[in-house]
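Below are the chains, spelled out letter by letter.
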Amino acid sequence: MSEEFSLSAFYDALESVGSPVVTATDVATHRGEAQADASDGLDALVGEGVERRDVSADPVVYYPSDYAATAETERVVVFPEQREIVVDQPRQFTRARLSQFAHLADTTRDGAYRYRVRKEDVWSSPYESLDDILAAVREVTNRRSKPIEEFVEGQWRRAHQFTLRTHEEGYTVLEAASDDVMGNVARQKLDDSHLRAPISDDTSWVNAEKVSEVKRVLYEAGYPVRDERDLDGGTPLEIELRLELRDYQADWVARFERQGSGVLVGPPGSGKTVAGMGVMESVGGETLILVPSRELASQWRENLLEHTTLTPEQVGEYHGGRKELRSVTIATYQTAGMDRHRQLFDSREWGLILLDEAHHIPSPVFRRAANLQSKHRLGLSATPIREDDRETDIYTLVGPPIGTDWDALFDAGFVQEPEVEIRYVPWLSEDDRYEWASADGHERRKRAAANPAKVEEIRHLRAAHPEAKTLIFADYLDQGDRLADALNVPFVSGETPHPRRERLFAQFRSGERDALIVSRVGDEGIDLPDAELAIVASGLGGSRRQGAQRAGRTMRPAGRALVYVLATRGTEEEDHARRRTRHLSEKGVRVREADAQAVAFRD
């Protein structure tokens, strides 16, 4: 074969496989010849327009030396045994599809995305049938991949093995799809504190106080539990929404009505709060809303009074500053989880418990509040991801994800996709670089974050966008203070008194003030929807969720916003910047990389 195998034949194989890289097995299959002959033929072309690389545990792959010849179109290569899908130059549609059943494991600066299909991705996929999710997999890969499809089918069936129901006599039972699964899984993993007694070979009586623990134990054993209990509907409450829901918001509400619980997942600016109020109208029961901060509690109350028929007497706040228990009560997680307050909340018959910023729930303090029970449970989160990999707890404590992929909202124009760019900033002087190099640990990270050249780059970016309302993020207090002095812009941190903080935020929202420097208090729970320019000066060691939250501060229905992430060249900030924006790439947001422009690079 080596004598006949030409560069043209190699490109024919690439086109046939539909990938920018191929293995010898791919080529052998395409040509109907032995794998050894294909390998010899490919090796003969190495250096003559073809390159080869041994991809660690994966097979040797071959690709064109003139990679641009295949870079103009999307290419997909599947590694079935590893359950990995590599896409070069993917369309947004492809990334949107992949995000519904796979996890973005890695990206490269050249525009390649590596996805891995995990059990958690199959369990939380938004598809209502096995045929639907398999059709989505085939749509992306353009072929049938037996190992991947068998894995998806197996995990799908696992996710439909256990169901919690309410027995006709009122107590909670766990039903299994078969006697074997009940005996070999549930009754082996759960003890007498979880299961009071067997009712039949496939049904057990569950201790109602241990429901969340039952869900967690079985989830960790590889069997997510569907919760179809008939809980008390709570005290009725008449509420009407004065806004008209968008089509996708109405779909969220309809899906919630069918499930009875779930987490609304969508980008900032997509109207999850409005959809949450639509769920309140649908449920028609007294509601407890849990939020992470007093500021967010006040915003919820304002929104409810403005956009629903609820009166001020029906809506109360319950936290360190106020103690009002009303038909709709908005409480902080911390307060609701305290022993002296929890009994008060437990004694009320809530028709709905709404958990805002639901990614907090796995944290111990927040988890205590999340264990409060009601017939309907709704979580809201733009970014249900956590660095401790406990995001799955969110779904076991609240319910399965409900949402529209970010990319679909970008395409429909409901939310504008931000332009995200990582800018690599040089040191302003050799002395600055030397001080960083001689430091270590936390001090070294602080020096990279506080690189003085970032001040010049921020000035440059603001000058390039003089009319843009701007948020500048700085995690370190001393850096925030220095930026405030250098730029003549107020710095808002956790140490800023609440009255001054609220006044500055109000001025920013109204347009009276066009720029703010904020610490982590700006990551969530603050209504700053009109930011047009976001500059992340530091905080690159934070979480993936934090990166998405900060980009999300610029997402809104009109006008494309800009997000610049500043990373000091040659430091760990480079890697942090790429990793912290990876979640945005997974959600359909394109992330560019460029050199800073205000200060020339010094090699």
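Residues numbered from 1 in each chain as written. Predicted model: local features only at pLDDT ≥ 70, side-chain atom pairs only at ≥ 80, totals over all residues. Heavy atoms only, no water.

1. Observations regarding the overall build of the protein
Right, on to step 1. Each helix and strand in the protein was counted, giving 26 helices and 25 strands.
Right, on to step 2. The burial tally for the protein puts 54% of its 603 residues in the buried class.
Right, on to step 3. If you take every contact in the protein between residues at least 6 apart in sequence, the share linking residues at least 24 apart comes to 68%. (Helix = DSSP H or I, 4+ residues; strand = E, 2+ residues; numbered from the N terminus. Buried < 20%, exposed > 50% of the residue type's maximum accessible area, 1.4 Å probe, protein only. Contact = heavy atoms within 4.5 Å.)

2. What to know about the sheet that holds strand S22 (residues 515–518)
Right, on to step 1. Across the sheet, seven strands lie side by side as S21-S22-S20-S23-S24-S19-S25; this open sheet has parallel pairing. Of all strands in the sheet, those with a lone pairing partner are strand S21 (491–492) and strand S25 (591–595), marking the two edges.
Right, on to step 2. Both strand S23 (residues 533–536) and strand S24 (residues 562–568) contribute to a ladder of four bridges, which runs parallel. Residue pairing across strands places Ala534 opposite Val563, the latter belonging to S24.
Right, on to step 3. Most of the contacts of helix H21 (residues 453–464) go to S24, to which it runs at about 160 degrees, and overall it touches strand S19 (419–425), strand S20 (470–473), S22, S23 and S24. (Pairing = 2+ DSSP bridges. Axes fitted to C-alpha atoms, helices over the stretch in contact; angles between N-to-C directions.)

3. Regarding the packing of helix H11 (residues 247–259) against helix H12 (residues 272–283)
Right, on to step 1. As a packed pair, H11 and H12 sit with axes 9 Å apart at the nearest point and diverge in direction by 45 degrees. As far as their axial angle goes, H12 and H11 are oblique. Two packed elements cross with a definite hand, and for H11 against H12 that hand is right-handed. On the side of H11, the interface is formed by Gln249, Trp252, Val253, Phe256 and Glu257, while H12 contributes Lys272, Val274, Ala275, Gly278, Val279, Ser282 and Val283.
Right, on to step 2. Residue composition of the contact of H11 with H12, grouped by class: seven nonpolar, three polar and two charged. (Parallel < 35°, antiparallel > 145°, perpendicular 65-115°, else oblique. Left-handed = near helix turned anticlockwise from the far one by under 90°. Nonpolar A, V, L, I, M, F, W, Y, C, P; charged D, E, K, R; others polar.)

4. Examining unusual backbone geometry
Right, on to step 1. Backbone geometry places Arg83, a non-glycine residue, at a positive phi of 55 degrees.
Right, on to step 2. Topologically, Arg83 is positioned in the loop between strand S3 (75–79) and strand S4 (84–88).
Right, on to step 3. Phi is positive for Asn488, which is not a glycine, with a value near 60 degrees.
Right, on to step 4. Inspection of the secondary structure puts Asn488 in the loop between helix H22 (477–487) and S21.

5. Describing the pattern of salt bridges
Right, on to step 1. As enumerated under the stated definition, the model contains 28 salt bridges in all.
Right, on to step 2. Residue Arg322 pairs with Glu324 through a salt bridge whose shortest N-O separation is 2.9 Å.
Right, on to step 3. A residue is classified by how much of its surface remains accessible, and Glu324, at 17% relative accessible area, is buried.
Right, on to step 4. One salt bridge in this structure joins Glu421 and Arg592, with 3.1 Å as the shortest N-O distance. Of this pair, Glu421 sits in strand S19 while Arg592 sits in strand S25, and the two are 171 residues apart along the sequence.
Right, on to step 5. Among the charged side chains, a salt-bridge network with shared partners connects Glu421, Arg423, Glu457 and Arg592. (Salt bridge = Lys/Arg side-chain N within 4 Å of Asp/Glu carboxyl O.)

6. Some thoughts on the sheet that holds strand S8 (residues 172–176)
Paired through backbone hydrogen bonds, the strands of a sheet run either parallel or antiparallel to each other.
Right, on to step 1. In spatial order, the strands read S9-S10-S8-S7-S11; together these five strands make up an open sheet with mixed pairing. Each edge of the sheet is formed by a strand with only one pairing partner; in this case those strands are strand S9 (195–200) and strand S11 (225–227). Strand after strand, the sheet turns through a mean of 30 degrees between neighbouring axes, direction not considered.

7. Re the nonpolar core
Generally speaking, a soluble globular protein has its nonpolar side chains buried in company with each other.
Right, on to step 1. Ranked by internal contacts, the top residues of the largest apolar core, which has 29 residues, are Ile289, Trp300 and Leu304.
Right, on to step 2. Residue assignment for this core shows that the elements contributing at least two residues are H11, H12, strand S13 (287–291), helix H13 (294–307), strand S15 (328–332), strand S16 (352–355) and strand S17 (376–381).
Right, on to step 3. A total of six residues in this core trace back to one element, the largest contributor, which is H12.
Right, on to step 4. The residues contacting Trp300, other than those within four sequence positions of it, are Thr273, Met277, Ile289, Val291, Ile330, Leu354, Asp356 and Leu380. (Core = buried A, V, L, I, M, F, W, Y, C linked by side-chain atoms within 4.5 Å.)

8. A look at the side chain of Thr308
Right, on to step 1. Considering the arrangement of structural elements, one finds Thr308 in the loop between H13 and strand S14 (315–318).
Right, on to step 2. Here the side chain of Thr308 touches Leu310 through a polar contact of 3.2 Å, landing on its backbone nitrogen.
Right, on to step 3. If we skip the residues at most four places from it in the chain, Thr308 touches Ile239, Glu240, Leu241, Arg242, Met277 and Asn303. (Polar contact = N/O pair within 3.5 Å; in protein donor to acceptor, adjacent residues only side chain to side chain.)

9. A look at the packing of aromatic side chains
Right, on to step 1. Tallied over the full model, the rule gives four aromatic pairs.
Right, on to step 2. For the pair Trp427 and Trp436, a centre-to-centre distance of 5.9 Å together with 40 degrees between the ring planes defines the contact as tilted. This pair shows no difference in class: Trp427 is buried, exactly as Trp436 is.
Right, on to step 3. A cation over an aromatic ring shows up here: Arg196 above the ring of Trp205, its NZ or CZ 5.6 Å from the ring centre.
Right, on to step 4. Across from the ring centre of Phe508, 4.7 Å away, lies the NZ or CZ of Lys469, which sits over that ring. (Phe/Tyr/Trp six-rings, centres within 6.5 Å; stacked < 30°, edge-to-face > 60°. Lys NZ or Arg CZ within 6 Å of the ring centre and 35° of its normal.)

10. Regarding the confidence of the model for the protein
Right, on to step 1. Taken over all residues, the pLDDT of the protein has a mean of 80, while the share at 70 or more is 79%.
Right, on to step 2. Below pLDDT 50 for its whole length, residues 385–389 participates in 15 contacts with residues either more than four positions away or in separate chains.
Right, on to step 3. Segment residues 541–559: pLDDT under 50, and 87 contacts once partners within four positions in sequence are set aside and those in other chains are kept. (pLDDT = per-residue confidence, 0-100.)

11. Considering the packing of helix H19 (residues 430–438) against helix H20 (residues 441–449)
Right, on to step 1. Closest axis-to-axis distance for the H19/H20 pair is 8 Å, and the angle between their directions is 155 degrees. Judged by the inter-axis angle, H19 sits roughly antiparallel to H20. Of the two elements, H19 crosses H20, and the hand of that crossing is left-handed. Residues Glu435, Trp436 and Ala437 of H19 lie in contact with H20, whose contacting residues are Arg444, Arg447 and Ala448.
Right, on to step 2. For the contact of H19 with H20, the class distribution of residues is three nonpolar, no polar and three charged.

12. Some remarks on the pairing of S9
Right, on to step 1. Alignment of S9 against strand S10 (residues 203–206), held across four bridges, turns out to be antiparallel. Within S10, the position partnered with Ser200 by the bridge is Thr203.
Right, on to step 2. With antiparallel pairing between neighbouring strands as the criterion, S9 and S10 make up a hairpin whose turn holds two residues.

13. Details of H22
Right, on to step 1. Along H22, the residues that are buried comprise Gln479, Gly480, Leu483, Ala484 and Leu487. Projection of H22 onto a plane perpendicular to its axis shows the buried side chains occupying an angular sector of 140 degrees, all on one side.
Right, on to step 2. Looking at the buried positions of H22, the neighbouring elements they touch are H20, H21, S20, S21 and S22. (Arc of directions from axis to C-beta.)

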